[in-house]
Each structure stands twice: as structure tokens, then as C-alpha cells.
Amino acid sequence: MRDKRICIVATASLCIKTLYQGQIKYLVDMGAKVTFVSDVGEEHDLVIKEGGESVQIPIARKPSIFKDLLSLWRVFFFFLFNRFDLVIVSTPKASLLGSIAARLAMQKKLLFIVRGRAYEQFVGRKRILFEIFDRLVCFLATRVQFISREMMGEYVYGGFCKKNKAYIIGCGSSKGVNFERFRPDILTEQERSAKRSSLSIPSDATVFTFCGRVRRDKGIAELVRAFRKLLSEAPNSNFYLLIIGPDELHLDCIDGDVVKLIENEKNIIRLDWVDAIEEFFAISDIFVFPSYREGFGNAAIEASASGLPVIAFDVTGCRESVQHNVSGYLCPFGDVAALAEKMGDLAKDIEKRLLISDSGFRWVRGNFDQKVLLKKNVEKYAAFASHPNCL
């Protein structure tokens, strides 16, 4: 890997923190020269801190013909005057613009990492258009890495990607789990009580936690309604819901009753993005992850590593990050009643909760060690950068 020049292109600068923190340093320590290209944001400081080079190019997440063409020109211009042994693109907008720009600038080796399909719930012409974009990026890419086997199967058998281009590392996931960070004993009992107290959560309360972007397709409406149903069925219960993540409700047409419940229900605590999410897992009892779709769902395995049982919908991605009856439960998609039922079962049955917590912890420890996955990823990158046919 020594002296190999690698460029990673992603849409939002937040991806540096959520997807690539630690990986950049690992690549640099292995001798690679890493450049990270994404939208403007303070997270670029992390790239510098980990020894990489940061390039900030405005890339809008929402479609905009003028802005997207301008971003394409800027990325192309950057690639025209900077040569790399390997260009890695991921996240929807950056994958499209980055792959086109890289090929126009005659960058020879392009790796597309498929982390999910943002258009999973789209229908009609809008979905057809996004599928065309996906097919184009797969066509332009030299190799395509998937973070879940189910997603890889859908792309290969759906004709999006040639089978000889596709591969997956181990059991999948975006980045595995850092077990030094995510573990059940990250906080002492005293620290746990103090942190709960700082959020006005009683020490004997049962805490449900969600973390991720707060928007419709992350299942926020179903989560809030299931929690409200739980409270109405057990009005004297000591249940709390902790919702952690950046607010994107303004991007969706979400029902007003859901927004009002989040704002007014005293047992719902709303926090923005936090850096030490592992500390919030440590004060929680159950992780609820009712996403409509995921590439894999790394938050679920991080929660399991922290000793939390996980409840999710039975959808692409979550089926591989949550093992039904092992690390948690999978509910029928969109079923608020089923979601509330499983939340209630685990809240009331502490013995079952502990059994699921233990089996989920052991399953994640055995399959998603970040150090192992990073090593395998770097081996693939090194082989790809030197000999494209080695993947």
C-alpha cells in the first residue's frame, strides 16, 4: 500500500465522521496517501487529524441541475490535475458525479461502494431515473463493493452490476465495530446514573433509543407512534424514548401529530448529533431501529456490541445487521402495533432482554471486528490499486 494515492469521494462531510473516521488513519499508517473529497463542513478537520488531505467541493444532497453540473465540473477539474491509483466513490450524489468525473479525467481505477439505495421507496419515473443512475455508476466502476449480501444479490440478479465486478468483505457492514469504543462496560454505574440524571431520566427507567437521521424513511413516525401506544397501554410505566440525530423532518412530508409528539411528550428526549454515541447506548436498555431500508445498518451492530437488544423492521439491510431471536427482533415493515408489542415485551421481560443482549453481543463480536474488516479492506484496495484483476 506504500505510496499508493487513494481518493475517496462522498457527498456530505458528515460521512467522514460516520463512515470513514479511523479508516483514513489506518490507510495512512499503511503508507497510502489519502485525499478525501466531499461537501464543505467542519468534519474535514478529522481528515487532516488522521493524516489525509482534505478537499472541500460543494455537493448538494438534493437534486439541482445547475448545482450538480457545477459540482461535476469542479470534481472533474480536480481529477484532471490530480492522478490517483484508486478512486473510491460512495453515497448517491457523490457516486454519480465522482464516477463520471473520474472517467472523463481518465482515472484508471474506480471502486464504487454501494451502501444502500436511497430510492428504495420511490415509484414511477423517479425510481426509473435513479435506477438508470445506479446502472451507470456500476457500468463505469472497475469493481463494486457491497456492504450486505442481500443488496449484492439484488444488484447482480437485477442486472445493475455484472457478477464478476461485485464482491463483499466478510459478513458485510460499512465499517464493522470498534470494540474498544462500543462495549457494555463503557460507563461505570455511577457515570451511568449521572448521565441519566443530566437528561432528567430516572435511574430505574426503561430507555428506548434511536440514533440516525431524523426523517420519514428512518421510521421516525412509526417509532413515535409505537412509543405513544406503549405509554397509553401502560400509563404508569417508566418508559423514555431517546431520539438522537440531525433533524431532517423539513425534507419530508411527515404528519403534524408526529412532530407535536416529539416536541411535547415529556418522556421523549430529543438530541442532535452526538460524538460519544456509545455513552448514550450505555444509558439505554433497548435500541429501536425502524428504518425503511438500509445498506446494512451499522448502528444496529454497534448497539448489539454495547449490550442492547435491537428491534427493527424486516427490510433490506436490517435483515443482516439484526439476527432475529439472536440479537433482537424483526417486525413486519411499517407495523406500528408489532413494533410496540416487541418494545413492550423487552421492557417488561428483563430476563429475555438479558438473553438477547448476551447472544447479540457474542454474534457481533464473532463477525464484525473493525480491525479485521479494515485489514481485509486495505488488502483489497492494495490489490486493486496495483492489479485491478486481483479483486
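See the structure printed just above.
Here goes a summary of the coordinates provided.

Notes on unusual backbone geometry
Logical step 1: Even without being a glycine, threonine 91 presents a positive backbone phi close to 70°.
Logical step 2: Relative to the assigned elements, threonine 91 resides in the loop between β4 (86-90) and α5 (92-104).
Logical step 3: Here serine 173, not a glycine, exhibits a phi torsion of approximately 100°, which is positive.

As for the pairing of strand β2 (residues 33-38)
Logical step 1: Most of β2 sits inside the fold, with 5 of its 6 residues counted as buried.
Logical step 2: In terms of strand pairing, strand β1 (residues 5-9) meets β2 through 5 bridges, oriented parallel. By the bridge assignment for β2, isoleucine 6 is matched with valine 34.
Logical step 3: Both β2 and strand β3 (residues 53-56) contribute to a ladder of 4 bridges, which runs parallel. Looking at β3, one finds that phenylalanine 36 is bridged to serine 54.
Logical step 4: The β-α-β motif built from β2, the intervening helix α3 (residues 44-49) and the parallel element β3 has right-handed crossover chirality.

Notes on the packing of aromatic side chains
Logical step 1: What the rule picks out here adds up to 20 aromatic pairs.
Logical step 2: Taking 5.9 Å as the distance between ring centres and 35° as the angle between the ring planes, the aromatic pair formed by phenylalanine 78 and phenylalanine 84 counts as tilted. Grouping residues by exposure puts phenylalanine 78 and phenylalanine 84 together as buried.
Logical step 3: Grouping aromatic residues by their ring pairs yields a cluster made of Trp73, Phe76, Phe77 and Phe81.

Cut-offs applied
The residue numbering used here restarts from 1 in each chain and proceeds along that chain's sequence as written. Local features in a predicted model are, by the rule used here, given only for residues with pLDDT of at least 70; side-chain atom pairs are given and counted only at 80 or more, and totals for whole chains, interfaces and linings are based on all residues. Heavy atoms throughout the structure, all of them, feed into the side-chain values; hydrogens and water do not. Segments assigned H or I by DSSP are reported as helices when at least four residues long, segments assigned E as strands when at least two residues long, and all are numbered from the N terminus. Exposed residues in this analysis have more than 50% of their type's maximum accessible area, buried residues have under 20%, and partly exposed residues fall in between, with area computed by a 1.4 Å probe over protein chains only. When DSSP locates at least two bridges between a pair of strands, those strands are taken to pair. Orienting the strands away from the viewer, one traces the path from the first strand over the helix to the second; a clockwise path indicates a right-handed crossover. Stacked, tilted and edge-to-face are the three classes applied to pairs of Phe, Tyr and Trp rings, where Trp contributes its six-membered ring and a pair requires centres within 6.5 Å; stacked means planes under 30 degrees apart, edge-to-face means over 60, and tilted covers the rest.

Any link to function would need more than the numbers given here.
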